[in-house]
Amino acid sequence: MNLGTLYIVATPIGNLSDISERAIQILKEVDLIAVEDTRHSGKLLQYIGISTPMLALHEHNENKKVQNIVDKLSAGTNIALISDAGTPLISDPGYHLVKGALEADISVSPVPGPSALIAALSVSGLPSDAFIFEGFLPNKSSGRLKKLETLAKESRTLIFYEAPHRIVACVQDMLEVFGAQRVAVIARELTKTFETIKNDSLENLLAWVKADTNQQRGEFVVLVQGQEKDKTVVDSEAEFILNTLMQELPLKQASQLAAKITGIKKNTLYQIGLKKSNNKNK
Ligand code: SAM
């Protein structure tokens, strides 16, 4: 008996016109569409004139449903998986299904299209040659800070998803860990009416998002420039920061903090500070 195929189909992240011709064709041809939420996806399917039957597959039932869907695929049923928005499996259900299907020798075929992280990266102005996607950060500030600390020295562009009620706290924690001057981007409501893409230092971004509650609404991708690799040039701004901190703090702490703010190695700043205090004491 012929096995069915599992298609992983990307759908729009806001603007319904972003659905591809091939996505429409596959969604029409398959026997069944696995969706996160039948009501939500029902609207999209209605918009593109598709009446293929749906089956619910969400994060709470995915494990239980996998065997049932794999059995259908094994019996020759062609199935498409879509999520509420963008590419399935990207901070969305589907991983267990794809794994289960592959283990049963079912062919799994992508129908690529929108994903918020790629859309945001493509317009961010941040280095796009190497990046890491972390999905959603932990809900609580303590967990979020812990996670961000592990990424503080990462040189690749960092990409996160964030919810509207956490956007201010998230940027605040990023400022604390990455320093006020690290460049970041808030990409909000991409492809929708209130699309906003703001690229600035974390310090300025925080002030901007705090000052306007409209900027705290909708869906967000937050991107942070990676730490510059081995930044060794101590420019006048870095020297000013170090000098100012040395007036208030012991050298060790001053160079530690200055390293966080400027991205220059702690030891480089420590040595400069040491020379300065030696000269002063002569
Ligand atoms: N699978 C989706 C994808 O490929 O992008 C992501 C699903 S995840 C559950 C939803 C999150 O993606 C939102 O909370 C937001 O962080 C981000 N997102 C989705 N659509 C977006 C948009 N239009 N603009 C900005 N961020 C968006």
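Structure's up top.
## Digging into the sheet that holds strand β10 (residues 220-224)
Then, in step 1: Pairing is mixed across the open sheet formed by five strands, whose spatial order is β6-β7-β10-β8-β9. The open sheet has two edge strands with one neighbour each: β6 (131-136) and β9 (196-201). Pairwise comparison of adjacent strand axes, ignoring direction, gives a mean angle of 15 degrees for this sheet.
Then, in step 2: Where strand β8 (residues 183-188) lies against β10, five bridges are found, and the strand directions are antiparallel. From the neighbouring strand, Val-185 faces β10, where its bridge partner is Leu-223.

## Description of helix α6 (residues 141-150)
Then, in step 1: Those residues of α6 that fall on the buried side of the exposure criterion are Arg-144, Leu-145 and Leu-148. Viewed end-on, α6 has its buried residues packed into an arc of 100 degrees, placing them on one side of the element. Of the exposed residues in α6, the ones pointing more than 90 degrees away from its buried face are Ser-142, Lys-146 and Thr-150.
Then, in step 2: Turning to α6, the residues buried within the fold contact β7 (157-162) and α7 (167-178).

## As for the sheet that holds strand β3 (residues 54-56)
Hydrogen bonds along the backbone pair up the strands of a sheet, which may run parallel or antiparallel.
Then, in step 1: One open sheet holds the five strands; their spatial order is β3-β2-β4-β1-β5, and the pairing between them is parallel. Edge positions in the open sheet fall to β3 and β5 (107-111), since each of these has one partner strand only. Neighbour-to-neighbour, the strand axes of this sheet turn through a mean angle of 25 degrees, independent of strand direction.
Then, in step 2: Bridge count for strand β2 (residues 32-35) against β3 is three bridges, and the pairing is parallel. When the bridges of β3 are listed, Ala-34 appears paired with Leu-55.

## Focus: the site of the ligand
Then, in step 1: In the vicinity of the ligand lie 19 residues, with Asp-92, Ser-115, Ala-116, Tyr-161 and Phe-220 positioned nearest.
Then, in step 2: Here an oxygen atom of the ligand and a backbone polar atom of Thr-87 are 2.9 Å apart.
Then, in step 3: Contact distances for the ligand include 3.4 Å between an oxygen atom and a backbone N or O atom of Glu-162.
Then, in step 4: Alone, the ligand offers 580 Å² of accessible surface; in the complex the protein occludes 90% of this.
Then, in step 5: Looking at the shell around the ligand, the elements that each hand over two or more residues are β7 and β10.
Then, in step 6: Here the shell around the ligand is composed, by residue class, of ten nonpolar, four polar and five charged.
Then, in step 7: Taken domain by domain, the shell around the ligand gets at least three of its residues from each of domain 1 (5-113) and domain 2 (117-224).

Calculation notes
Residues numbered from 1 in each chain as written. Predicted model: local features only at pLDDT ≥ 70, side-chain atom pairs only at ≥ 80, totals over all residues. Heavy atoms only, no water. Pairing = 2+ DSSP bridges. Helix = DSSP H or I, 4+ residues; strand = E, 2+ residues; numbered from the N terminus. Axes fitted to C-alpha atoms, helices over the stretch in contact; angles between N-to-C directions. Buried < 20%, exposed > 50% of the residue type's maximum accessible area, 1.4 Å probe, protein only. Arc of directions from axis to C-beta. Contact = heavy atoms within 4.5 Å. Near = heavy atom within 4 Å. Polar contact = N/O pair within 3.5 Å; in protein donor to acceptor, adjacent residues only side chain to side chain. Areas by Shrake-Rupley, 256 points an atom, 1.4 Å probe, with all protein chains shown as cover. Nonpolar A, V, L, I, M, F, W, Y, C, P; charged D, E, K, R; others polar. Domains from an automatic or database assignment.

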